[in-house]
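So the chains spell out like this:
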There are 2 protein chains.
Amino acid sequence: MINNLDHLISLVKSLPKKVIAVAAAEDAEILEVVEETEKIGLAQFILVGDKRKIEHLALTHHKTINCKIIDEPDHQKAAERAVKLVVDKEADAVMKGLLHTGVFLKAVLKKDGGLNIGKFISQISIFEKPSGDGLMLLTDCAMAIAPNLEEKKKIIENAIEIAQIIGYEMPKVALLSAVETINPEIQDTLDAAILSKMADRGQIKGGIVDGPFALDNAVSVEAAKHKGITGEVAGRADILIAPNLQVGNVIHKSITYFACKDLASAIVGAGAPVIITSRTDTVRTKVLTIALACYIAKASV
Amino acid sequence: MINNLDHLISLVKSLPKKVIAVAAAEDAEILEVVEETEKIGLAQFILVGDKRKIEHLALTHHKTINCKIIDEPDHQKAAERAVKLVVDKEADAVMKGLLHTGVFLKAVLKKDGGLNIGKFISQISIFEKPSGDGLMLLTDCAMAIAPNLEEKKKIIENAIEIAQIIGYEMPKVALLSAVETINPEIQDTLDAAILSKMADRGQIKGGIVDGPFALDNAVSVEAAKHKGITGEVAGRADILIAPNLQVGNVIHKSITYFACKDLASAIVGAGAPVIITSRTDTVRTKVLTIALACYIAKASV
């Protein structure tokens, strides 16, 4: 069981070092996080991209880059090459550098020669519970814009899988909506009821699934008690399933900018961990995201 | 200019005490906040409700209630009576006790004998900026479920009015959406563009209005810079306008449960401040909400 984000980092440091293939690494911010991650002994990198630019950037930004560089200035080819390194088991995870997300993901999810294993791709944010009692997962904040019932089921399954990897044997999954009661006019509340019952019937396995919940009664035992909501998940959620990307994204950003807390982010559902960091992420957030990918890669072996 | 929430409380304590009429005050939690608010010298109360129950609750919960009690066990009549106290200038604000919000608001918004002044009613949450640089307003988290363009304009105008009362001469208003670019398929981004231009043309006055913004580039100068978003509002918003209630509510709750910060809440647009606290609010939050109503009442005189 991983207790907090520092614990995640120290666990990963104690493991054999994972190798991360970066697509289009010709970016000062990417080189900064590569240098930082190597310095603390968290992972090794193979940089795929414009070698001349990478070396020039390293020089001008005083970055010491000790890793292998594969020269491939073309973005699409660089993405495909980075993915191939993972497919060929020369790397454990693939990371997006300075190229369009669409181009990167297309290479990752190529049916032939990519990391497409037929699963739904979703994003999960991981942060420390306000109670200090372990990590909380929040999904989806970045990939699935308006998931339908079937897609929500897959988002839940992806999240349960990651929660189990970080140590929750039977994670408590809260399906968020604007309200905690069923309202026939709010589709999210109907979806939540249906998904809860699917889990009751064994159609979603590995977690205790309940909803709808408003955010407060999912994460606060007091708030759940005030509303008279019972059950194992109420106020004690390990996983928060947002009804749509807008809600997931705004919770993620509230945690970053109002709670000023670190988050790690994972893209899951591919044949290996996929790392996408945002330019606005702090170096610490980027390092945490890489650590999480390494930890998930370890579990997938 | 009010710098923070403690400053709000100390300012209100220095003013002549405002009188708050509570509708259906027969509730232990209401009596607790009444006692606490009177103790710190913030406001006076007139309790309208079931007098026998109020006195019994005060006795059993050891609450010292020094205020006038008007016996009216019927909820609708109690709400109407509390509103009448404000209309008759015997009280400065009206507060919801233990009765349905619908019944309470119906009395508040009655065209004849209520506090309906023909304005749109909206809710505003107020909290301290993460930068420590004054207060931030967030609207609407509780009243307007899916405001249309015209309603969003009124929500903005209500927020600007309150921002000016708390000391922002020309508040910076950020219109939130999932993304900061115009996307013809996301109505919120179109509304934001239109509302920004309405403000440019003087159709919304008293604030600098810009949008769409994603939450991060509205509140973080760094994040705005990363995205190349310029303008006075980018990263420096004083007011956040949520595209819908779901988003507003989840930001409010993230601030409460993840950032663990206090918020005050105001219902604005009626002829006097309207106070609705939630059962899950802390006593501190309830006291802050009352203080905010007193401060707004002072400005309306």
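Being a predicted model, the structure only gives us computed values, none of them experimental.

### As for the overall build of chain A
Consideration 1: In terms of regular secondary structure, chain A is built from eleven helices and eleven strands.
Consideration 2: A compact globule built from 301 residues should have a C-alpha radius of gyration of about 19 Å, and chain A, at 20 Å, falls within 12% of that.
Consideration 3: Projected onto its principal axes, the C-alpha positions of chain A cover 60 × 40 × 30 Å.
Consideration 4: Buried residues in chain A amount to 56% of all 301 residues.

### What to know about the interface of chain B and chain A
Consideration 1: On the chain A side, the residues contacting the 31 residues of chain B number 31 residues.
Consideration 2: It is B:Gln246, B:Tyr257 and B:Phe258 in chain B that bury the most area against chain A; as a group they hold 28% of the surface buried on that side.
Consideration 3: Linking chain B with chain A are two salt bridges.
Consideration 4: Our count for the contact surface shared by chain B and chain A stands at eight residue pairs in polar contact (both at pLDDT 80 or more).
Consideration 5: Of all the secondary-structure elements, those providing two or more residues to the side of chain B that touches chain A are helix H8 (215–219), helix H9 (221–227) and helix H10 (245–257) of chain B.
Consideration 6: Tallying contributions element by element places H10(B) first for the side of chain B that touches chain A, with nine residues.
Consideration 7: A per-class count over the side of chain B that touches chain A returns 18 nonpolar, seven polar and six charged.

### Focus: the packing of helix H4 (residues 75–87) of chain A against helix H5 (residues 101–108) of chain A
All names here are of chain A.
Consideration 1: Running from N to C, H4 and H5 cross one another at 40 degrees; their axes reach a closest spacing of 8 Å. As far as their axial angle goes, H5 and H4 are oblique. Handedness of the H4/H5 crossing: right-handed. Counting all contacts with H4, which are made through His 75, Gln 76, Ala 79, Glu 80 and Val 83, the residues of H5 involved are Val 103, Phe 104, Ala 107 and Val 108.
Consideration 2: In terms of residue class, the contact of H4 with H5 is made up of six nonpolar, two polar and one charged.

### Considerations on the packing of aromatic side chains
Consideration 1: Within the structure shown, the criterion is met by two aromatic pairs over all chains.
Consideration 2: A centroid spacing of 5.3 Å and a plane angle of 85 degrees characterise the contact between A:Phe127 and B:Phe258, whose relative ring orientation is edge-to-face. Of this pair, A:Phe127 sits in strand S5 (residues 122–128) while B:Phe258 sits in the loop between H10 and strand S10 (264–268), which puts the two residues in different chains. Residue A:Phe127 shares its accessibility class with B:Phe258, and that shared class is buried.
Consideration 3: One residue, A:Lys298, lies across the ring of A:Tyr295, its end atom 4.2 Å from the ring centre.

### What to know about the packing of helix H6 (residues 149–165) of chain B against helix H7 (residues 187–200) of chain B
All names here are of chain B.
Consideration 1: It is at 10 Å that the axes of H6 and H7 come closest, and there the two elements cross at 55 degrees. In terms of orientation, H6 lies oblique with respect to H7. Between H6 and H7 the crossing geometry is right-handed. Across the interface between the two elements, Leu 149, Lys 152, Lys 153 and Ile 156 from H6 touch Asp 188, Asp 191, Ile 194, Leu 195 and Met 198 from H7.
Consideration 2: Classifying every residue of the contact of H6 with H7 gives five nonpolar, no polar and four charged.

### Observations concerning the relation of the copies chain B and chain A
Consideration 1: Placing chain B over chain A gives an RMSD of 0.0 Å and needs a rotation angle of 180 degrees, together with 0.0 Å of translation along the axis. Taken together, the rotation and translation describe the operation of a two-fold axis. Among all residues of chain B, the one whose C-alpha sits closest to the rotation axis is B:Ala259, at a distance of 1.8 Å.

### Here's the deal with the domain arrangement of chain A
Quite often, the size of an interface is put as the accessible area lost when its parts meet.
Residues and elements named next belong to chain A.
Consideration 1: Here chain A is partitioned into domain 1 (5–117 + 270–300) and domain 2 (122–257).
Consideration 2: The C-alpha centroid of domain 2 is placed 29 Å from the C-alpha centroid of domain 1.
Consideration 3: Here domain 1 and domain 2 share an interface that buries about 710 Å² over both sides, 76% of which is from carbon and sulfur atoms.
Consideration 4: Our count for the contact surface shared by domain 1 and domain 2 stands at zero salt bridges.
Consideration 5: Inspection of the region where domain 1 meets domain 2 yields one residue pair in polar contact (both at pLDDT 80 or more).
Consideration 6: Among the secondary structure elements, those contributing two or more residues to the side of domain 1 that touches domain 2 are helix H1 (5–14) and helix H11 (283–300).
Consideration 7: Considering each element in turn, the side of domain 1 that touches domain 2 owes the most residues, four residues, to H11.

Parameters at a glance
Residues numbered from 1 in each chain as written. Chains lettered and ligands numbered in written order. Predicted model: local features only at pLDDT ≥ 70, side-chain atom pairs only at ≥ 80, totals over all residues. Heavy atoms only, no water. Helix = DSSP H or I, 4+ residues; strand = E, 2+ residues; numbered from the N terminus. Rg over C-alpha atoms; globule rule 2.2 N^0.38 Å. Buried < 20%, exposed > 50% of the residue type's maximum accessible area, 1.4 Å probe, protein only. Contact = heavy atoms within 4.5 Å. Buried area = accessible area lost by both parts, 1.4 Å probe. Salt bridge = Lys/Arg side-chain N within 4 Å of Asp/Glu carboxyl O. Polar contact = N/O pair within 3.5 Å; in protein donor to acceptor, adjacent residues only side chain to side chain. Nonpolar A, V, L, I, M, F, W, Y, C, P; charged D, E, K, R; others polar. Axes fitted to C-alpha atoms, helices over the stretch in contact; angles between N-to-C directions. Parallel < 35°, antiparallel > 145°, perpendicular 65-115°, else oblique. Left-handed = near helix turned anticlockwise from the far one by under 90°. Phe/Tyr/Trp six-rings, centres within 6.5 Å; stacked < 30°, edge-to-face > 60°. Lys NZ or Arg CZ within 6 Å of the ring centre and 35° of its normal. Least-squares fit on C-alpha atoms with pLDDT ≥ 70 in both. Domains from an automatic or database assignment.

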